[in-house]
Amino acid sequence: MLSLAVAGAVFLRWTPHHGWFTAPLVAACVITATAINLTRKPRFHRAINGIQHESIPPCITSIAAVSASVVVLAALGIWTVLLLPVQQ
């Protein structure tokens, strides 16, 4: 979650150079970090129950969602730096 806050801060730093396009990047970081934070307590309880039963099933949907979010944010960040013209 902290790494998404740092990524959002970096995207905010790009605002003077790349304009309005950085706003959706920051919003995506905030939404992903909020989703991670809201699902933290159920994940902890699942882990505790898994430790007690000696078996922790992976939550494929949350892993896939966070992975997809990171890939999309990285791709948009690379596209912003390499392909968007710099405003002066």
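Below you will find a few notes about this structure. Since this is a predicted model, take the numbers as computed values, not measurements.

Brief notes about the overall build of the protein
- When helices and strands are counted, the protein shows 5 helices and 0 strands.
- Moving toward the C terminus, one meets the helices and strands of the protein in the order α-α-α-α-α.
- Here the C-alpha atoms of the protein give a radius of gyration of 17 Å, more than 25% beyond the 12 Å that 2.2 N^0.38 yields for 88 residues.
- In the protein, which comprises 88 residues, the share counted as buried stands at 20%.
- Intrachain contacts of the protein at a sequence separation of at least 6 include 69% that bridge at least 24 residues.
- For the protein, the accessible surface area stands at approximately 6400 Å², while carbon and sulfur atoms represent 74% of it.

Some points on the nonpolar core
- Core analysis: the largest hydrophobic core is formed by 9 residues, namely Leu 4, Phe 11, Trp 14, Phe 21, Leu 25, Val 26, Cys 29, Ala 33 and Leu 73.
- Listing elements by their share of this core, those giving two or more residues are helix H1 (2–13) and helix H3 (22–38).
- Of all the elements, H3 adds the most residues to this core, at 4 residues.
- Those residues within four positions of Leu 73 in sequence are excluded, and the remaining contacts are Leu 4, Phe 11, Leu 25, Ala 28 and Cys 29.

What counts and how
Residues numbered from 1 in each chain as written. Predicted model: local features only at pLDDT ≥ 70, side-chain atom pairs only at ≥ 80, totals over all residues. Heavy atoms only, no water. Helix = DSSP H or I, 4+ residues; strand = E, 2+ residues; numbered from the N terminus. Rg over C-alpha atoms; globule rule 2.2 N^0.38 Å. Buried < 20%, exposed > 50% of the residue type's maximum accessible area, 1.4 Å probe, protein only. Contact = heavy atoms within 4.5 Å. Areas by Shrake-Rupley, 256 points an atom, 1.4 Å probe, with all protein chains shown as cover. Core = buried A, V, L, I, M, F, W, Y, C linked by side-chain atoms within 4.5 Å.

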